[in-house]
Amino acid sequence: MIIFQNLGEQLFGAKYERAVKSPIACIILFLAIHTAGIEIEIAPSILLLTATAFSMGIMWQTLNSSGNADRMTGLFMLPFRNREMTFSLVLAFTSYTLITKTFLVMALFFAVHEWSVLQIAVSLICACNSCFSAAVWYTMKKRKMFLPVFILWGGAIFAPIFLVRETVIICFIAFTSMLISFLRLLKADAYVFYHPVSAKLLIKHTKGTGSIFLYLLRYLITNKNYLLNTAGLCVIAGVMPFILGQFEGVNVMPLGFAVLCLNTPICILLSCDPGLEQAVRTLPGQAKRFCTNYCFFIFSVNMAVNSVYLISWQIGKRGVNSTEIITALIIALQSAILSVLLEWFCPVRNWKIENDLWHHPRKYIVPLIMFLVAGLIGMWSISIWVLLCIVIAEVLSLSLVVRRI
């Protein structure tokens with residue numbers, strides 16, 4: 001209990017204020033939607049699938065959070081029993097995942113459709129099972145048998161939701177999976193959850209601008225969660241032309257560029273690394289160099305994803321010309337500039353887990369603006385010369401902003 005309370009205070013606040021605010025937010029969300037009379041027909045399998053997949057993803061991100069190293073350093077310096085430490089960590093992260101993230105999504109589902117008590121109970125059981133399963137997989141991720149176990153175990157969890165669709169059978173499978181997770185965690189080494197803080201690269205005050213870009217690129221490659229998010233956007237970019245292409249008579253292609261700029265992890269590098277932010281703001285001359293390279297870095301990632309979108313559109317629908325390419329450049333560059341400005345002037349503070357950054361409402365500001373820009377470009381037939389002028393204006397505005405930082 002001492003270990004669990006210590007972790008709980010770090011995750012929820014000194015007085016567990018987040019553990020109180022999140023349920024209150026769930027109640028307000030439920031009452032607001034329910035009293036509005038909004039009703040949506042939802043199959044029970046969708047509820048169970050959402051509870052399972054969403055909780056599993058959040059739990060996995062939480063366990064892989066880079067802030068866990070600082071959070072657990074003091075705990076692992078004290079004497080402890082292996083099983084107590086393991087289950088305290090798993091229960092603390094499970095509680096954080098369910099209370100602060102899953103319950104909000106479940107409240108939305110419960111508000112728009114009437115569910116039986118059994119369906120609600122099974123959805124919560126599925127969410128708990130997902131958290132415990134993710135914890136077990138985390139303890140095995142460096143072993144050779146991880147991939148086969150992950151495929152078989154994950155298939156046993158998700159397949160009944162799609163194939164059987166019987167609530168009682170899914171409940172039985174979830175309980176069985178939780179029992180297996182419990183037995184596996186009994187033998188798990190608590191040190192699997194602890195990763196010492198590795199030495200971070202320092203930005204040196206040297207001539208040239210390549211070192212900062214390489215630092216950001218290395219940072220992206222080192223954090224697998226960031227790469228997975230970018231890879232997921234590439235998959236979406238490959239599928240999106242076949243979805244947007246169904247709208248005839250309207251130029252909806254620019255809207256795809258706005259959707260693909262929602263790459264939250266690469267837009268919060270200062271917020272998620274206070275040490276880097278302190279170095280950039282303290283060392284002389286680093287602000288301009290960092291912001292310029294950071295903007296170019298985000299622009300490069302955005303254009304890499306946009307390139308997949310353009311190629312997929314050309315293969316499936318055709319019609320990609322210089323106007324669409326320049327539109328992609330404009331939205332990618334504008335998104336990069338606004339993201340850097342937000343990070344520099346309005347960084348996110350007082351977060352506990354990186355998930356708090358990934359799901360912070362601030363991440364929707366830039367994509368919303370890009371939706372408006374994409375909508376304007378789509379509605380008006382803007383010539384290529386006007387688009388080129390906009391690109392030049394974007395570059396000049398970036399240079400002026402960097403000079404004032």
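Above this note sits the structure.
Residues numbered from 1 in each chain as written. Predicted model: local features only at pLDDT ≥ 70, side-chain atom pairs only at ≥ 80, totals over all residues. Heavy atoms only, no water.

K.L.:
Quick question: what am I supposed to make of the overall build of the chain here?
P.N.:
Across its full length, the chain carries 18 helices and zero strands. Taking all 405 residues of the chain together, the buried fraction comes to 46%. Nonlocal contacts in the chain, meaning residues at least 24 apart in sequence, comprise 87% of its contacts between residues at least 6 apart. In the structure as shown, the chain presents an accessible area of about 20,900 Å², 71% of it carried by carbon and sulfur atoms. (Helix = DSSP H or I, 4+ residues; strand = E, 2+ residues; numbered from the N terminus. Buried < 20%, exposed > 50% of the residue type's maximum accessible area, 1.4 Å probe, protein only. Contact = heavy atoms within 4.5 Å. Areas by Shrake-Rupley, 256 points an atom, 1.4 Å probe, with all protein chains shown as cover.)

K.L.:
What is the right way to read the packing of helix α6 (residues 117-140) against helix α7 (residues 146-163) from this model?
P.N.:
A pair of packed helices is characterised by two quantities: the angle between their axes and the separation of those axes. Interhelical geometry of α6 versus α7 gives an angle of 170° and a closest axis separation of 10 Å. Between α6 and α7, the interaxial angle falls into the category roughly antiparallel. The segment α6 lies against α7, with Asn129, Ser133, Val136, Trp137 and Met140 engaging Phe146, Val149, Phe150, Trp153, Gly154 and Ile157. Looking at side-chain class alone, the contact of α6 with α7 contains eight nonpolar, three polar and no charged residues. (Axes fitted to C-alpha atoms, helices over the stretch in contact; angles between N-to-C directions. Parallel < 35°, antiparallel > 145°, perpendicular 65-115°, else oblique. Nonpolar A, V, L, I, M, F, W, Y, C, P; charged D, E, K, R; others polar.)

K.L.:
Explain the packing of aromatic side chains here, please?
P.N.:
Describing an aromatic ring pair means giving the distance of the ring centres and the angle of the ring planes. Counting across every chain of the model gives eleven aromatic pairs. Look at Phe12 and Tyr96: their rings are 6.2 Å apart centre to centre, the planes differ by 55°, and that puts the pair in the tilted class. You can see Phe12 sitting in helix α1 (residues 2-12) and its partner Tyr96 sitting in helix α5 (residues 82-112), a full 84 residues away along the chain. Overall, the relative accessible area of 5% leaves Phe12 in the buried class. Ring centres of Trp60 and Tyr138 lie 5.9 Å apart, and the angle between their planes is 75°; on these two criteria the pair is classed as edge-to-face. Placement of Trp60 in helix α3 (residues 44-63) and of Tyr138 in helix α6 is noted, with a sequence separation of 78 residues between them. (Phe/Tyr/Trp six-rings, centres within 6.5 Å; stacked < 30°, edge-to-face > 60°.)

K.L.:
I would appreciate a short explanation of empty space enclosed by the protein in the present structure.
P.N.:
One way to see where empty space is left: roll a probe the size of a water molecule over the atoms. One pass over the structure, following the stated rule, counts three cavities of 30 Å³ or more. Quantified by volume, the largest cavity comes out at close to 160 Å³. Taken together, 15 residues make up the lining of the largest cavity; nearest its centre are Thr264, Cys267, Ser339, Arg362 and Lys363. Only α15 (322-345) and α17 (365-379) provide two or more residues apiece to the lining of the largest cavity. Class assignment of the residues belonging to the lining of the largest cavity gives a composition of nine nonpolar, four polar and two charged. (1 Å grid on protein atoms, 1.4 Å probe; cavity = no way out; pocket = protein on both sides within 12 Å on 5 of 7 lines; lining within 4 Å. Points joined across faces, edges and corners; volume = space filled by probe spheres on them.)

K.L.:
When you look at the pattern of salt bridges in this model, what are you seeing that I'm missing?
P.N.:
Think of it this way: side chains of opposite charge can pair up when their charged atoms draw near. Considering all chains together, one arrives at two salt bridges under this definition. Note that Glu343 and Arg362 form a salt bridge whose closest N and O atoms lie 2.7 Å from each other. Remark: Arg362 occurs in the loop between α16 (354-358) and α17 and Glu343 occurs in helix α15; sequence separation between them is 19 residues. A single burial state applies to Glu343 and to Arg362, both of which are buried. (Salt bridge = Lys/Arg side-chain N within 4 Å of Asp/Glu carboxyl O.)

K.L.:
Before we go on, may I ask you to explain the layout of surface pockets in this structure?
P.N.:
Its volume calculated, the second largest pocket comes out at about 590 Å³. Gln61, Leu228, Asn229, Trp358 and His359 are, among the 19 residues lining the second largest pocket, the residues nearest its centre. Elements supplying a minimum of two residues to the lining of the second largest pocket: α3 and α10 (224-244). In terms of residue count, α10 provides more of the lining of the second largest pocket than any other element does, six residues in total.

K.L.:
Please clarify how helix α2 (residues 17-35) should be interpreted in this entry.
P.N.:
Helical geometry: 3.6 residues make up each α-helical turn, so side chains three or four residues apart lie on a common side. Relative to the 27 Å expected for 19 residues at 1.5 Å per residue, α2 spans 27 Å between its end C-alpha atoms, a close match to the ideal helical length. Those residues of α2 lying buried are Ser22, Cys26 and Ile33. Each buried residue of α2 lies within a common arc of 50° when the element is viewed along its axis, so the set occupies one face. The exposed set on the far side of α2, more than 90 degrees from its buried face, consists of Lys21, Ile28 and Thr35. For α2, the elements touching its buried residues are α5. Positioned one or two residues after α2, Gly37 has a phi angle of 75°, which is positive. (Expected span 1.5 Å × (residues − 1). Arc of directions from axis to C-beta.)

K.L.:
Just to check I follow, could you spell out the nonpolar core for this structure?
P.N.:
Buried together is how nonpolar side chains tend to be arranged in soluble globular proteins. One finds Leu216, Leu269, Phe290, Tyr294, Phe297, Ile298 and Tyr309 to be the most contacted residues of the largest nonpolar core, which totals 54 residues. No other element matches the 13 residues that helix α14 (residues 286-316) contributes to this core. With residues near it in sequence (within four places) discarded, Tyr309 still touches Ala237, Met240, Pro241, Leu244, Val252, Met253, Gly256, Phe257 and Leu260. Ile42, Val105, Phe110 and Ala135 belong to the second-largest nonpolar core, a separate cluster that totals 48 residues. (Core = buried A, V, L, I, M, F, W, Y, C linked by side-chain atoms within 4.5 Å.)

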